[in-house]
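Architecture and fold: a report
In case you want the letters, here they are:
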Amino acid sequence: KAGWTGDILIYAPTAIRNEEMTPFLLSWLDGLAAEQRENGVLPIISPLTALYEKGSAQFAAAFGDTGLPGVAGWSDAIVWVPYTLYRATGNLDVLRRYFKPMKRWCDYIVHTANTRRGSELPENTDRWLWNTGFHFGEWLIPGQPSEGLEVCKESAGYIAPFFGYRTLCVFAEICFLLNRAEYSDYSDYAEHMKQAIVDGLLTPGHLPKHLMGAYVLAFAFGLVPEALYPQFTAQLRTLLDDADDCVGTGFLATPFLLDVAEALYGAEAALRILMQTKQPSWLFEVEQGATAIWENWFAFSEQGEPQKCSFDHYAFGCVDDWLCRRLCGIDAAKPGFSELRIAPLEDVPFDWARTFVCEAGEIAVRKDGASLQVRIPPNTTAAVLWNGVAHSCHALPAQTCLFLRLDESLYISCLFSFMGGGHYGGDGTYPSAPFRSSGRYAWLFANAFSMAFCIALYLDGDCAGVDHASCRISIQMEEACFPFESCRAVHCLDYGNLGKCRYAAAENDYPDR
């Protein structure tokens, strides 16, 4: 009901793997950036309403602040969400679009850490720890009460410095990607913060030894030094054992739980947590008849009593990012998924199928017993790892991917192949048009022995607003059978609600074909 920034920060990777989120998230980020205060602070929800603005000010006052507070893991969404979009699409323009509000937020983190003391640590250590003001902390940790702000304090002691560090790391990488001179400054800030966390929190043993999320995040963010690895690995293993492999993390640590468990103890450890049916766990909710994710791990007690919270809340559904990326093995070898890495977990005791529509088209992977079937879209390559053997999967060079733009407002992507998509395994069939995009259809017909292409566009619903006679369409063909070097003109004729287009090639284009 409210646009909570922390919720979408942790859920954006999963959302993108299930829906076309770019238009929605860009619109939402525009609104979030517009809400930014002069000091760089961003609200905990956007659009910010009077009710939540008043509540945020009360939270801040309880912790010695005035005005709207900047909250670790929530306000950080201005950096994390655009970066997640970039990783999914490969589109650097997303990072350019929000560079200024990102920088202002990171400057707020650095300034707050440098000017406010939050501990009795030596000044040169404390000045690099973001450890003052109000923070929700990890939020909704199993076994902790959900009412009152005092419960936030314990986990805020590590959440704020950890997320401050990680946000600066992400922003430094964004500066590098955009070839910005600020890269060295924010890299240095992040290194100072990391050293302060190691010296002030990790080495002295100041992390709460009973909170699983503290250790999960320390490993996930690369904060654990080599000397502390055995100790921290053993402590997290103890916490998992004591919990009987149930989930022991709140909002901000849960997205990293299975990755850390897999990295430290193997895939079977992550699967035990995933498949656990005791409370708190994902499958406990399923066994209680849930058809949507609960807001709280204890939203429904073992005695059958519903609690005061949402029973349709996406946040803990962030586990689906791990399901797609690790269990089903669909991951990007480079931003935008033009190069793929398909490496599913192999000892999973059930069959599965998963698809993901990336910028180039649909990726499909299916496990059937001991076999694996993979299909990738045009203009992509994949490294496939299965049964300990590496395979390469290439979309055939004869493929053509057309991107049609009408009046700079309507985009339709049309997939066509003379020989079909790239395959590893499967039955040898290939995808063919029509390819559906955003509720509209496009059919592509081609004569592989000539340069004649005929494209017909059918638009759902009322097309009265489209002037086909004056409509301008550009076609871009990359790595196609015919290596076009630039876009070519296309003529359109008005046939009522149907626009028929003819490719206009110069007489000297490929005369031998």
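Structure: above.
Just so we're clear, the structure is a prediction, and the values are computed from it rather than from any experiment.

**Considering helix α15 (residues 319-327)**
Of all nine residues in α15, eight are buried; the element is thus mostly enclosed. For α15, every residue scored as buried is listed here: V319, D320, D321, W322, C324, R325, R326 and L327. A positive phi of about 75° marks G329, the residue just after α15.

**Overview of helix α13 (residues 267-275)**
Within the span of α13, buried status applies to A269, A270, L271, I273 and L274. For α13, the elements touching its buried residues are α11 (229-242), α12 (254-265), α14 (282-287) and α15.

**Details of the nonpolar core**
Grouped together as the largest cluster of nonpolar side chains are 132 residues, with contacts concentrated most on V79, F162 and L202. Take this core: its biggest share by element is 15 residues, from helix α8 (residues 150-177). For V79, the contacting residues outside a window of four places in its chain are M102, W105, C106, T167, V170, F171 and I174.

**Details of the sheet that holds strand β2 (residues 339-342)**
If you walk across this open sheet you meet the four strands as β1-β2-β6-β7, and the pairing is mixed. The outermost strands of the open sheet, each flanked by one partner alone, are β1 (330-332) and β7 (389-394). Taken over all neighbouring pairs, the strand axes of this sheet differ in orientation by 25° on average, direction set aside.

**What to know about the packing of aromatic side chains**
One pass over the full model with this rule turns up 31 aromatic pairs. When the ring of Y83 is compared with that of Y86, the centres are 6.2 Å apart and the planes differ by 40°; the resulting orientation is tilted. Taken together, the residues Y83 and Y86, both in helix α4 (residues 77-89) and three residues apart, mark about one turn of the helix. With a relative accessible area of 7%, Y86 lands in the buried category. Taking 5.3 Å as the distance between ring centres and 55° as the angle between the ring planes, the aromatic pair formed by F176 and Y183 counts as tilted.

**Focus on the packing of α11 against α12**
Each pair of packed helices can be summarised by the angle the axes make with each other and by the distance between the axes. Across the interface, α11 lies against α12 with an axial gap of 11 Å and an inter-helix angle of 120°. In terms of orientation, α11 lies oblique with respect to α12. Our pair here, α11 against α12, has a crossing hand that is left-handed. Of the residues in α12, those in contact with Y229, T233, L236, R237 and L240 of α11 are V260, L264 and Y265. In terms of residue class, the contact of α11 with α12 is made up of six nonpolar, one polar and one charged.

**Structural notes on unusual backbone geometry**
Backbone torsion omega between S46 and P47 reads 5°, so that peptide bond is classified as cis. Its place among the elements puts P47 in the loop between α2 (22-34) and α3 (50-62). Although it is not a glycine, N387 adopts a positive phi angle of roughly 55°. By relative accessible area, which is 48% here, N387 ends up partly exposed.

**A look at the side chain of T132**
Relative to the elements of secondary structure, T132 occurs in the loop between α7 (123-126) and α8. Accessibility expressed as a relative area gives 10% for T132, which makes it buried. In this view, T132 contacts T112, R116, R117 and G118; residues no more than four positions away in its chain are not counted.

**Quick look at the environment of S119**
Its location among the elements puts S119 in the loop between α6 (99-115) and α7. C-alpha separation for the pair S119 and T132, spaced 13 residues apart in sequence, amounts to 8.8 Å. Beyond its immediate stretch of four places on either side in the chain, S119 contacts D126 and N131. Here the side chain of S119 touches L121 through a polar contact of 3.2 Å, landing on its backbone nitrogen. At 2.5 Å, the side chain of S119 forms a polar contact with the side chain of D126.

**Comments concerning the pattern of salt bridges**
Under the criterion given, the structure shown has 19 salt bridges. Across the salt bridge formed by D245 and R272, the nearest N and O atoms sit 3.2 Å from each other. With D245 in the loop between α11 and α12 and R272 in helix α13, the pair connects residues that are 27 residues apart, well separated along the chain. Taking relative accessible area as the criterion, D245 reaches 12% and is therefore assigned buried. Between R375 and E362 there is a salt bridge, with its nearest N and O atoms 2.4 Å apart. Here E362 lies in strand β4 (residues 361-368) and R375 lies in strand β5 (residues 371-376), a separation of 13 residues in the sequence. Here the residues in one salt-bridge network are R17, D259, D321, R325 and D331, joined through shared partners.

Criteria and cut-off values
- Residues numbered from 1 in each chain as written.
- Predicted model: local features only at pLDDT ≥ 70, side-chain atom pairs only at ≥ 80, totals over all residues.
- Heavy atoms only, no water.
- Buried < 20%, exposed > 50% of the residue type's maximum accessible area, 1.4 Å probe, protein only.
- Helix = DSSP H or I, 4+ residues; strand = E, 2+ residues; numbered from the N terminus.
- Contact = heavy atoms within 4.5 Å.
- Core = buried A, V, L, I, M, F, W, Y, C linked by side-chain atoms within 4.5 Å.
- Pairing = 2+ DSSP bridges.
- Axes fitted to C-alpha atoms, helices over the stretch in contact; angles between N-to-C directions.
- Phe/Tyr/Trp six-rings, centres within 6.5 Å; stacked < 30°, edge-to-face > 60°.
- Parallel < 35°, antiparallel > 145°, perpendicular 65-115°, else oblique.
- Left-handed = near helix turned anticlockwise from the far one by under 90°.
- Nonpolar A, V, L, I, M, F, W, Y, C, P; charged D, E, K, R; others polar.
- Polar contact = N/O pair within 3.5 Å; in protein donor to acceptor, adjacent residues only side chain to side chain.
- Salt bridge = Lys/Arg side-chain N within 4 Å of Asp/Glu carboxyl O.

These figures capture arrangement, not role.
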